[in-house]
Amino acid sequence: MSPAKQGPPEKALLRHQDIARELEEHAYRYYVLDQPSVSDADYDAMMRELSELEDKWPELRTPDSPTQKVNFGGFDTRFEPVAHLERLLSLDNVFDDGEFAAWAERAQREVPVDAWLCELKIDGLAIDLVYEDGRLVRAATRGDGVTGEDVTNNVRTLQQVPARLGKGAPRLLEVRGEIFRPTQEFADLNARLVENEQKPFANPRNAAAGSLRVKDPRVTASRPLHVTLHGLGAREGFDPPTQSGAYEALAELGLPVSTRYEVFETTKGVQGFVAHYGEHRHDVEHEIDGVVIKVDRIDLQRRLGATSKAPRWAVAWKYPPEEAMTKLRNIFVSVGRTGRATPFAQLEPVHVGGVTVSTATLHNQDEVRRKGVLIGDTVVVRRAGDVIPEVVGPVVDLRDGSETEFVMPDRCPACKTPLQRAREGDVDLRCPNQRSCPAQLRERIFGMCSRVALDIEGLGWKAAASLVDEGVVSDEGDVLLLDEDALARSSFYTNKDGTLSAAARQLLVSLEEAKHRPLWRFIVALSIRHVGAPTARDLAREFRSLDRIENASVAELAAVEGVGPVVGQAIHDWFAVDWHRDIVAKWRRAGAVLADQSSEDGPRPLEGVSVVITGTLQRWSRDSASEAVQERGGKVVGSVSKKTSFVVVGADPGASKYDKAVALGVPMLDDAGFGVLLEQGPEAASAAATAPS
């Protein structure tokens, strides 16, 4: 009887496994990531050692061994099915305070909930990662929650996903999260695809899914994706007591977790978090569609358990959708107050972002081409907050061949003047007929009366159109000269019997009030290209009267902080036009005060002080707070920097501004502290300020 054949000793077996893994890793970094981590000589030495082990113990030479592969250039992803260690559940949804309160009460009846964790719900692609002894062994898509598709090779290209965890890694760790593309990177990717005559993606989530689900990992590596982890599956040797504690532990292991989560003891705190990000969802670098609320204690999560499809300890509070698909019926062109010709999409009405949308901007003809939009396309429409809805892109797979390309007109649709570019390289076409183009005049008058300019109540877009179309006004100067006789010629402001309407009476009162607005508002009302409210405030603070601005040289204008040579030239050029100066003369004749009366000789206690205002103040509106700082010689800016003197923080502040203030250590003022700044000056305000921590 011959002796039983001895297999390789454990030491040789473990050494073979280690070398094979290392060679696989080095080959992956060389062929897929184009980031070699060892020299060719070191790589060859490891390959020789592996071959020698297999020569000595032939049973180690399997088809999967690196010695048996012709080359490693063939790395690909086959999307083979793979079972998750623990089922990936979906989340139940709530949409308002009442639904959330009912869900929370059910949870509290079952267990003593003492803390709720809130985190942003990323609109991305679900991913499941498995680590064994700190090494990434598998990445899979959600699939049906039980079985997903193996995308390990592709996920390994993501810089945020470590191939090995840090010190103290558990024996087994299954973590879940979202893969996404930041919104700006999504726009850049689509632009490149259209430029190369490839299909654009409809939205960032589709872009993330499409970039991950390609067979060649090198393509995924060329489209950098981001990942945030937010959930736990199976684990051994990893038992944090709370969800928030789990995130801290995962971060210490080197895994990417969100920093935008908070723990609250009451549901009122949860509601505040949801409300804040409902207003600031576009301050985040990626798409979010709600907030996920979880019971923080993991022992209570286990006690609450799950239904067949969703955990009872977590829920998604969904925001109203801001994207929807609809049909693009046609593309027309509108002309704005500075003559810019803007393509607009005429849509089949669709409900998005809480309103019904029937038009959406396409920005300019180059943008139409960049997005690859055709007339007749099914398109994705986005409405972000209160901004004008925009077309994100086409759903190319739904085309039937009847779609047609948009051709930008070469003449102004309102006055038929040939459109032209203001200068070489300008992406916008403009109507140069500023003087008599009715479309431009309507928009300029509407802009002049808006809240950001003279804030004239009772003169909206329809009223402006009526005054222009009926010849009641010929330019912006006529607006402040309007009286009862002039309004009697307007069908918009008269009753059927020819008498003035109540709206006309209200307008006359508003016009008198408008004549005494701060100087910067009159500057905005002039509709000078490149000059918005921030620049107008800078000019008003420096020159203090419209006369001085009108007579300033380009160099003097450009020297003002926040202006510069391009804007300075635009201002100088505007005042060089006769009919522009006539507008200002009419305002003077109407009795408008075109100077900041108290600023010439009065005290300027906030001279040199730079203030950022964020959130809602109790005693001041945003405009009145800004004007109060300006009147005292200070400057209100839109972003926090090392030069910022104070950040005034009201209710629901912008997260980005608050975080930047904390990072830079800029003193913060609440409502009371802001009052101290205005009444007692910067030294007293510094004493009342909160030092960020």
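Up top is the structure these notes are about.
So, here's what we can say about the structure.

Within the protein chain, the regular secondary structure consists of 25 helices and 22 strands. With the principal axes as the frame, the protein chain shows a C-alpha extent of 125 × 60 × 55 Å. Within the protein chain, the fraction of its 693 residues that count as buried is 50%. At a minimum sequence separation of 6, the contacts of the protein chain that also span at least 24 residues come to 67%. Taken as a whole, the protein chain presents about 33,600 Å² of accessible surface, with 48% of it coming from carbon and sulfur. Charge separation in the protein chain, taken as the distance between the mean sites of 85 positive and 105 negative side-chain charges, equals 2 Å.

Oppositely charged side chains can form a pair if their charged atoms are brought close together. For the structure on display, the rule yields 34 salt bridges. Taking the shortest distance from any N to any O, the salt bridge between Arg176 and Asp128 comes out at 2.5 Å. Of the two residues, Arg176 sits in strand S7 (residues 172-180) while Asp128 sits in strand S4 (residues 125-132), which places them 48 residues apart along the sequence. Taking relative accessible area as the criterion, Arg176 reaches 9% and is therefore assigned buried. A relative accessible area of 1% means that Asp128 is categorised as buried. For the salt bridge of Glu627 with Arg521, the shortest nitrogen-to-oxygen distance reads 3.0 Å. You can see Glu627 sitting in helix H22 (residues 622-631) and its partner Arg521 sitting in helix H16 (residues 519-525), a full 106 residues away along the chain. For the pair shown, Glu627 and Arg521 are each scored as buried.

Right, let's get into the nonpolar core. Core analysis: the largest hydrophobic core is formed by 57 residues, its most contacted members being Ile456, Leu459, Leu480, Ile571 and Trp587. With six residues, the top contributor of residues to this core is H16. Among the nonpolar cores identified, the runner-up in size contains 32 residues, and Leu117, Ala209, Leu212 and Leu250 belong to it.

In space, the five strands of this open sheet follow the order S2-S11-S10-S3-S9, with mixed pairing throughout. Single-partner strands in this sheet number two, and they are strand S2 (93-94) and strand S9 (261-264). With respect to the sheet, helix H9 (residues 267-280) is in contact with strand S3 (116-122), S9, strand S10 (288-295) and strand S11 (314-318), its orientation differing from that of S3 by roughly 20°.

All told, the structure shown has twelve aromatic pairs when counted by the stated rule. A ring pair is formed by Trp103 and Trp116, whose centres lie 5.8 Å apart and whose planes are at 55°; its orientation type is tilted. With Trp103 in helix H3 (residues 97-110) and Trp116 in strand S3, the pair connects residues that are 13 residues apart, well separated along the chain. Here Trp103 matches Trp116 in class, with each residue buried.

Rules behind the numbers
- The residue numbering used here restarts from 1 in each chain and proceeds along that chain's sequence as written.
- Thresholds applied to this predicted model are a pLDDT of at least 70 for local features of residues and 80 or more for the giving and counting of side-chain atom pairs; totals over whole chains, interfaces and linings are not thresholded and use all residues.
- Side-chain metrics in this entry use all non-hydrogen atoms of the structure; hydrogen atoms and water are not considered.
- Numbered from the N terminus, helices here are DSSP runs of H or I no shorter than four residues, and strands are runs of E no shorter than two.
- A 1.4 Å probe rolled over the protein chains alone gives each residue an accessible area, and that area as a share of the maximum for its type sets the label: buried under 20%, exposed over 50%, partly exposed in between.
- Contacts are assigned to residue pairs that have any heavy atoms within 4.5 Å of one another.
- Exposure was quantified through the Shrake-Rupley algorithm and a 1.4 Å probe, taking into account, for residues, occlusion by the shown protein chains and nothing else.
- Asp and Glu count as negative and Lys and Arg as positive, but His and the ends of the chain are not part of the count.
- Charge positions are represented by NZ for Lys, CZ for Arg, CG for Asp and CD for Glu.
- What makes a salt bridge here is a side-chain nitrogen of Lys or Arg within 4 Å of a carboxyl oxygen of Asp or Glu, nothing more.
- In plain words, nonpolar cores are sets of buried Ala, Val, Leu, Ile, Met, Phe, Trp, Tyr and Cys residues tied together by side-chain atoms within 4.5 Å.
- Only strands that DSSP links by at least two bridges are regarded as paired with each other.
- Comment: axis = line fitted to C-alpha atoms, over the contacting stretch for helices; angle = value between 0 and 180 degrees taken between N-to-C directions.
- Any two rings among Phe, Tyr and Trp, with Trp reduced to its six-membered ring, count as a pair given centres within 6.5 Å; such a pair is stacked if its planes are under 30 degrees apart, edge-to-face if over 60, and tilted if neither.

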